[in-house]
Amino acid sequence: MVRIARERISALFALAEREAATGHRDLSDRYVALARRVGTRYNVRLLAEYRELYCRGCSAYWVEGVTVRTRLRSGRRSRTCLRCGRVRRLPVRERTSEVDRAGEPSLRAVPRSDVALVGPPVVEEPSEPPDDEAEEG
Ligand SMILES: [Zn+2]
């Protein structure tokens, strides 16, 4: 059931995106509301990428500059719903929550990728089959 609910939520957000692109914002909002209800009904958390897409106050599907206004203010991203006026404030840096939860200082340097230091991975040549005839003599 959980798997079906997830698929349903994905499908509803895809529909919401499509309707928003064609200007049917009321339909988009309706799809978002349905997706949220599916999530509530089956106790499925909406994916983080979906949770960025709508207002938690009025379930409006957010289209940048149309139904939501994003401003950067004192290190935070504040997104104001232009439908109900609800403000969501998020840290500008994304995907830091795991580091913060682990108790590490969030200001630590971003770990460098090893690939950047050693260059592209060496592609090994396929080893040639041993030449039996050379062993003669
Ligand atoms: Zn709203």
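Residues numbered from 1 in each chain as written. Predicted model: local features only at pLDDT ≥ 70, side-chain atom pairs only at ≥ 80, totals over all residues.

Quick word on the overall build of the chain
Threshold: The numbering of helices and of strands both runs from the N terminus, where a helix is a DSSP run of H or I of at least 4 residues and a strand a run of E of at least 2. Counting other C-beta atoms within 10 Å of a residue's own tells you its class, since 20 or more makes it buried, 12 or fewer makes it exposed, and anything in between is partly exposed; those C-beta atoms are placed from the backbone. By the convention adopted here, residues make contact when the C-beta atoms placed from their backbones lie within 7 Å.
If you tally the helices and strands in the chain, you get 5 helices and 3 strands. Helices (α) and strands (β) of the chain occur, in sequence order from the N terminus, as α-α-α-β-β-β-α-α. Residue burial in the chain is summarised as follows: out of 137 residues, 16% are buried. Looking at the chain alone, contacts between residues at least 24 apart form 41% of all its contacts between residues at least 6 apart.

Let's talk about the confidence of the model for the chain
The cut-off we apply is this: Confidence of the predictor at the level of single residues is captured by pLDDT, which takes values from 0 to 100.
Across the chain, the average pLDDT comes to 81, with 68% of residues at 70 or higher. Of all secondary-structure elements in the chain, the lowest mean pLDDT belongs to helix 4 (residues 97-101), at 46, while helix 2 (residues 25-41) reaches the highest, 96. Scored below 50 in pLDDT, residues 96-108 shows 5 contacts in the model against residues more than four places distant or in partner chains.

As for the sheet that holds strand 1 (residues 68-73)
Quick note on the threshold: Two strands pair under a simple rule: DSSP has to find at least two bridges between them. Angles run from 0 to 180 degrees between N-to-C directions of axes, and those axes are lines fitted to C-alpha atoms, restricted for helices to the stretch in contact.
Read across the sheet, 3 strands follow the order 1-2-3 without closing on themselves; strand pairing throughout is antiparallel. Every other strand in the sheet has two partners, leaving strand 1 and strand 3 (87-91) as the edge strands with one partner each. Each adjacent strand pair in this sheet contributes to an overall mean axis angle of 20°, direction not counted. Inspection of the sheet shows strand 1 paired to strand 2 (residues 76-81) by 6 bridges, in the antiparallel sense.

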